[in-house]
Amino acid sequence: MKLKAAIVLFFIMTGLVPGLRAQDWPILTDQLVLPAKKSSQKHYSEYEVGYIKVFVIDAKDEERFYIIDTRTGDKIYDYTEGEERAMHLKPRFYMAEGQDNPIIICMSLETTYSLGTYVFIVDDGKVYFPGFIEYGADNFNFSAIGLYAQFEQHGDWFLMFFQDDVKLIDYVTDDLLYGNQIEFKIERDKIIPIRK
């Protein structure tokens, strides 16, 4: 009897039993964070997410954001957008349920539509910038892909995946794909598209 129990435990731990996995990867979902403060005169919005505050500056001559670690009060990241055609930086925040570390920020670069999405990883007070994804959601107005994304954490990298039925457009090739046809491997220093 002990031998049978040991064999079953072995198969469960190694993940060889269908439907059972030894490791369930945490899923980070959109937190739907609204600005805690918004100042139209000073042209900024402030977001409070976990242990960070994100200030998005939306002035005519400046598009930038910076991140403050509320545990220390230190500014841990500052980003200025260099594209003159950009009018807005629109953030979405992703965390696993009940956790405030890591935090993923998808910052959509927008004019009247999303030109693509910057991805930032905030992990234990450090910020990593994997890169820019030149895709939009083809939902009549080319909105940000972050509206339809979730992240699965695999150690220090993440898998960005989408709702199956959402249509995504690759701005580089003009290919139109469904959400179940592409994922992105998000590492701390790069983004790798995975076509399925």
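As shown above, the structure is provided for reference.
Residues numbered from 1 in each chain as written. Predicted model: local features only at pLDDT ≥ 70, side-chain atom pairs only at ≥ 80, totals over all residues. Heavy atoms only, no water.

**Q** How should the pattern of salt bridges be read in this particular structure?
**A** Side-chain pairs of opposite charge can arise whenever the charged atoms involved come near each other. The tally for this structure, following the rule as stated, stands at 12 salt bridges. The residue Lys53 makes a salt bridge to Glu46 at a minimum N-O spacing of 3.5 Å. For Glu46, a relative accessible area of 3% corresponds to the buried category. Among the ionic pairs, Arg64 bridges to Asp78, the shortest N-O distance being 2.8 Å. With Arg64 in strand β5 (residues 62–69) and Asp78 in strand β6 (residues 74–80), the pair connects residues that are 14 residues apart, well separated along the chain. Under the relative-accessibility criterion, Arg64 is labelled buried at 15%. (Salt bridge = Lys/Arg side-chain N within 4 Å of Asp/Glu carboxyl O. Buried < 20%, exposed > 50% of the residue type's maximum accessible area, 1.4 Å probe, protein only. Helix = DSSP H or I, 4+ residues; strand = E, 2+ residues; numbered from the N terminus.)

**Q** For this particular structure, what's the right way to read the pairing of strand β10 (residues 126–133)?
**A** Remark: a regular strand shows side chains that alternate across the two faces of the sheet. In the sheet, strand β9 (residues 114–123) pairs with β10 via six bridges, with the strands oriented antiparallel. For Asp123, the partnering residue across the bridge sits in β10 and is Lys126. Linking two consecutive strands that pair antiparallel, namely β9 and β10, is a turn of two residues; a positive phi of about 50° is found at Asp124 within it. (Pairing = 2+ DSSP bridges.)

**Q** Got a minute to help me understand the packing of aromatic side chains in this structure?
**A** Remark: the centre distance and the inter-plane angle together describe each pair of aromatic rings, the angle taken between the planes. Under the criterion given, the structure shown has 20 aromatic pairs. Between Tyr47 and Phe93, the aromatic rings sit 5.5 Å apart at their centres with planes inclined by 50°, giving tilted as the arrangement. With Tyr47 in strand β3 (residues 44–49) and Phe93 in strand β7 (residues 88–96), this pair connects stretches of sequence that are 46 residues apart. Its relative accessible area of 10% is what places Tyr47 among the buried residues. Each ring, one from Phe55 and one from Tyr66, has its centre 5.0 Å from the other, and the planes form 15°; the classification is stacked. Remark: Tyr66 occurs in strand β5 and Phe55 occurs in strand β4 (residues 52–59); sequence separation between them is 11 residues. Note on accessibility: Phe55 and Tyr66 belong to one class, buried. Taken together through their ring pairs, the aromatic side chains of Phe65, Tyr77, Tyr79, Tyr118, Phe120, Phe129 and Phe132 make up a single cluster. In this arrangement the basic side chain of Arg71 is found over the ring face of Tyr51, its NZ or CZ atom lying 3.8 Å from the centre. Positioned above the aromatic ring of Tyr128 is the side chain of Arg188, whose terminal nitrogen or guanidinium carbon lies 4.4 Å from the ring centre. (Phe/Tyr/Trp six-rings, centres within 6.5 Å; stacked < 30°, edge-to-face > 60°. Lys NZ or Arg CZ within 6 Å of the ring centre and 35° of its normal.)

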